[in-house]
Amino acid sequence: MSTIKTPQHPFVEGMITAFPLLLGFVPVAFMLGAEAAQKDFSSVLIMFLTMVNFAGGSEFAAIELWTSPPSVLFIIFVTFMVNSRHIIMGATLAPHIKHLPKRKMLTTLFFMADEVWALAMQDINKQHKLTPSKKGFRFDFYLGVALSLYVTWSTFAGLGAYYGGMLGDLHQYGLHMAFPALFIVILVSMWNGKHNALPWAVSAVVAMLAYQYLPGGWYVILGTLSGMLVAYFQGESDA
Amino acid sequence: MLDYATLLTILGMGMVTYFTRVFGFLLLRNKTLNDTQTRMMSIAPGCVFIAIIAPEFLTGTLGDILALCVTFIAALRLGMLGTIVIGITSAYGFNWLLS
């Protein structure tokens, strides 16, 4: 993806960077729409939901739990649980965006879905390596990533609700592997030797245990916090 | 079928989701972190990814797990697009072979 050498506007660069992810977004959004249609959602209504919320995992959970009429507080609570990982993501982004004007800051946070955050953190690291003196966060790049994913997600959810279950089970096409693959690419780029090894291993084990035994999105929170705790103690022993 | 409960649920979802996105930022906005805290925050993103992927090894099919391993090897060599394409095709291939 970095084979193009001509300077581009960061917004366009963001759109190009996000492109491989659309392979995953298109069918998954279509599935979401198809499932929503089963619960009597119109195309417009599921598009409205995805545009207000823009957090895929919680949208699948909400549709899964949807009854007619929906149990309002229950679904809102599940949404919070599934999305509580954003709290940690926002915290990691904070030092990079706190200098922005409030309008840009609040816009950035509105679009902070997993994949958008992931690509933003990767770009921040990349920019920081190129010019250590400058702030690594590029708002235009971020918007390019965010808007292409946002528009795609919402549009294909709407189409999915309209065209229904033409796609069948996603797993047969392997497309569910798009997001894990992205995360693995970024993990490999973050690897810096033995300092990661122990926290990551602990995160993995705790996440699996929590996934098995606890409800909702706890596994992401507990997995992450346990890895951070290991990093805390590593510091003690290094000093 | 846009009834009151539906509208309220959707708006409520949007509100709590936005809250989760803003809250962590608000917590750390005015803090200067010391060395230990900086190390913890810099390890956090990787741990988030690990924590999201790890349960896949419990819930995925054998084909999915093999595909994750192939994807990992691909990620050592290839960029994002190449790795995602290999991830998808290997998941398709392994699940087809093993079904």
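Every value quoted in this text rests on a predicted model; they were computed, and no experiment measured them.

1. With respect to the overall build of chain B
Looking only at helices and strands, one finds five helices and zero strands in chain B. Sequence-ordered secondary structure for chain B, helices as α and strands as β, is α-α-α-α-α. Since a compact globule built from 99 residues should have a radius of gyration of about 13 Å, the 20 Å found for chain B marks it as more spread out than a globular shape. With the C-alpha coordinates aligned to their principal axes, the bounding extent of chain B is approximately 55 × 50 × 25 Å. Each of the 99 residues in chain B was classed as buried or not, and the buried ones make up 43%.

2. Some details on the overall build of chain A
If you tally the helices and strands in chain A, you get eleven helices and zero strands. Along its sequence from the N terminus, chain A presents helices and strands in the succession α-α-α-α-α-α-α-α-α-α-α. For 239 residues, the compact-globule formula gives about 18 Å, and the C-alpha radius of gyration of chain A, at 19 Å, lands near that figure. Here chain A holds 239 residues, and 50% of them are scored as buried.

3. Structural notes on the interface of chain A and chain B
With 71 residues of chain A at the interface, the matching set in chain B holds 62 residues. Of the residues forming the side of chain A that touches chain B, the biggest block, eleven residues, is contributed by helix H9 (residues 178-190) of chain A. Residue composition of the side of chain A that touches chain B, grouped by class: 50 nonpolar, 18 polar and three charged.

4. A short note on the packing of helix H7 (residues 114-130) of chain A against helix H8 (residues 139-163) of chain A
All names here are of chain A. For the pair H7 and H8, the least separation of the axes is 10 Å and the interaxial angle reads 160°. When the interaxial angle is binned, H7 and H8 end up roughly antiparallel. Relative to H8, the crossing made by H7 is right-handed. Contacts from Glu-115, Val-116, Leu-119, Ala-120 and Asp-123 in H7 reach Phe-141, Tyr-142, Val-145, Ala-146 and Leu-149 in H8. Looking at side-chain class alone, the contact of H7 with H8 contains eight nonpolar, no polar and two charged residues.

5. Considering the domain arrangement of chain A
Residues and elements named next belong to chain A. Each assigned domain of chain A is listed with its residue range as follows: domain 1 (10-176) and domain 2 (191-239). Taken over C-alpha atoms, the centre of domain 1 sits 25 Å from the centre of domain 2. Those elements giving two or more residues to the side of domain 1 that touches domain 2 turn out to be helix H4 (72-83) and helix H5 (85-97). For the side of domain 1 that touches domain 2, the element with the highest residue contribution is H4, accounting for four residues.

6. A closer look at the nonpolar core
One finds A:Leu149, A:Leu182, A:Phe183, A:Ala207 and B:Ile50 to be the most contacted residues of the largest nonpolar core, which totals 103 residues. Sorting elements by how many residues they give to this core places helix H1 (residues 10-38) of chain A first, with twelve residues. Setting aside anything within four residues of it in sequence, one finds B:Ile50 in contact with A:Leu187, A:Trp200, A:Ser203, A:Ala204, A:Ala207, A:Gly223 and A:Gly227.

7. Notes on the domain arrangement of chain B
Structurally, chain B comprises domain 1 (1-31) and domain 2 (45-99). For domain 1 of chain B and domain 2 of chain B, the distance between their C-alpha centres works out to 32 Å.

8. Observations concerning H7(A)
End to end, H7(A) covers 25 Å across 17 residues, agreeing with the expected 24 Å (1.5 Å per residue, within 8%). Listing the buried residues of H7(A) in full gives A:Asp114, A:Glu115, A:Val116, A:Trp117, A:Ala118, A:Leu119, A:Ala120, A:Met121, A:Asp123 and A:Ile124. Here the buried face of H7(A) lies against H1, H5, H8 and H9 of chain A together with helix H2 (35-53) of chain B.

9. Some remarks on unusual backbone geometry
Residues and elements named next belong to chain A. Cis peptide bonds are those with omega within 30 degrees of zero, and the linkage from Ser-68 to Pro-69 qualifies with 0°. Look at Phe-54: it is not a glycine, yet its phi comes out positive at around 45°. Among the secondary structure elements, Phe-54 is positioned in the loop between helix H2 (43-53) and helix H3 (56-65).

10. Thoughts on the environment of A:Pro69
Topologically, A:Pro69 is positioned in the loop between H3 and H4. Along the primary structure A:Pro69 and A:Leu198 are separated by 129 residues, whereas in three dimensions their C-alpha atoms are 47 Å apart. In contact with A:Pro69, other than residues within four places in its own chain, are B:Asp3, B:Ala5 and B:Thr6.

11. Thoughts on the packing of H4(A) against helix H1 (residues 4-29) of chain B
With their axes 9 Å apart at the nearest point, H4(A) and H1(B) run at an angle of 25° to one another. Overall, the two elements H4(A) and H1(B) adopt an arrangement that is roughly parallel. In the packing of H4(A) onto H1(B), the handedness of the crossing is right-handed. Across the interface between the two elements, A:Val72, A:Ile75, A:Ile76, A:Thr79, A:Phe80 and A:Asn83 from H4(A) touch B:Ala5, B:Leu8, B:Thr9, B:Gly12, B:Met13, B:Val16, B:Thr17 and B:Thr20 from H1(B). Grouping the amino acids of the contact of H4(A) with H1(B) by side-chain chemistry returns eight nonpolar, six polar and no charged.

12. Describing the environment of A:Gly227
One can find A:Gly227 in helix H11 (residues 218-238). Sequence separation of A:Gly227 and A:Ala201 is 26 residues, and the distance between their C-alpha atoms is 7.8 Å. Aside from chain neighbours lying at most four places away, what touches A:Gly227 is A:Pro199, A:Trp200, A:Val202, A:Ser203, B:Ile43, B:Cys47 and B:Ile50.

Quick notes on the rules
- Residues numbered from 1 in each chain as written.
- Chains lettered and ligands numbered in written order.
- Predicted model: local features only at pLDDT ≥ 70, side-chain atom pairs only at ≥ 80, totals over all residues.
- Helix = DSSP H or I, 4+ residues; strand = E, 2+ residues; numbered from the N terminus.
- Rg over C-alpha atoms; globule rule 2.2 N^0.38 Å.
- Buried ≥ 20, exposed ≤ 12 C-beta atoms within 10 Å, placed from the backbone.
- Contact = placed C-beta atoms within 7 Å.
- Nonpolar A, V, L, I, M, F, W, Y, C, P; charged D, E, K, R; others polar.
- Axes fitted to C-alpha atoms, helices over the stretch in contact; angles between N-to-C directions.
- Parallel < 35°, antiparallel > 145°, perpendicular 65-115°, else oblique.
- Left-handed = near helix turned anticlockwise from the far one by under 90°.
- Domains from an automatic or database assignment.
- Core = buried A, V, L, I, M, F, W, Y, C linked by C-beta atoms within 7 Å.
- Expected span 1.5 Å × (residues − 1).

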